[in-house]
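# Remarks on the overall topology
If you want the building blocks of each chain, they are given just below.
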Amino acid sequence: MHYSDADFWTKLRVIPRSAGRILLLKALLLRELLVSPGVPIWVRAAILGVLGYLILPLDAVPDVLPVVGYADDVAAMTALLGNVNYLVSDDMRGRAEQRLTRLLGDGKESP
């Protein structure tokens, strides 16, 4: 999977708000982990894979399908976060929530 920060922010801006706050928050939490120092390399690799899958234009369930289009992406992020949740600090959660609020407010969130 290919991940880039620019593609990540572009994807988050175009994800329909109907896809849900949960999807966006999970993606932002994973990005917080990705850029945090001290996160094990295996976790970073898994995050790159999952976020790369999110931004990939083609995936198992096409994103353009209403309601179910992002189900595979949410499932992958949920599974990964379930395994690495012990690494997510309150500060990371707070930053992800702040970014989500800005993203949902004006759609211009970026690094």
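All of these numbers come straight from a predicted model, not from anything done at the bench. (Residues numbered from 1 in each chain as written. Predicted model: local features only at pLDDT ≥ 70, side-chain atom pairs only at ≥ 80, totals over all residues. Heavy atoms only, no water.)

In the contact formed by helix 1 (residues 5-14) and helix 3 (residues 41-55), the axes pass within 9 Å of each other and the chain directions differ by 50 degrees. Our classification of the angle between helix 1 and helix 3 gives oblique. Remark: the crossing between helix 1 and helix 3 carries left-handed chirality. On helix 3, the residues touching D7, F8, K11 and L12 of helix 1 are L51, L54 and I55. Looking at the contact of helix 1 with helix 3 residue by residue, the classes come out as five nonpolar, no polar and two charged. (Axes fitted to C-alpha atoms, helices over the stretch in contact; angles between N-to-C directions. Helix = DSSP H or I, 4+ residues; strand = E, 2+ residues; numbered from the N terminus. Parallel < 35°, antiparallel > 145°, perpendicular 65-115°, else oblique. Left-handed = near helix turned anticlockwise from the far one by under 90°. Contact = heavy atoms within 4.5 Å. Nonpolar A, V, L, I, M, F, W, Y, C, P; charged D, E, K, R; others polar.)

Moving on, we get to the side chain of S36. Summarising the element assignment, S36 is placed in the loop between helix 2 (21-34) and helix 3. A polar contact of 2.5 Å, which involves the side chain of S36, links it to the backbone oxygen of E32. (Polar contact = N/O pair within 3.5 Å; in protein donor to acceptor, adjacent residues only side chain to side chain.)

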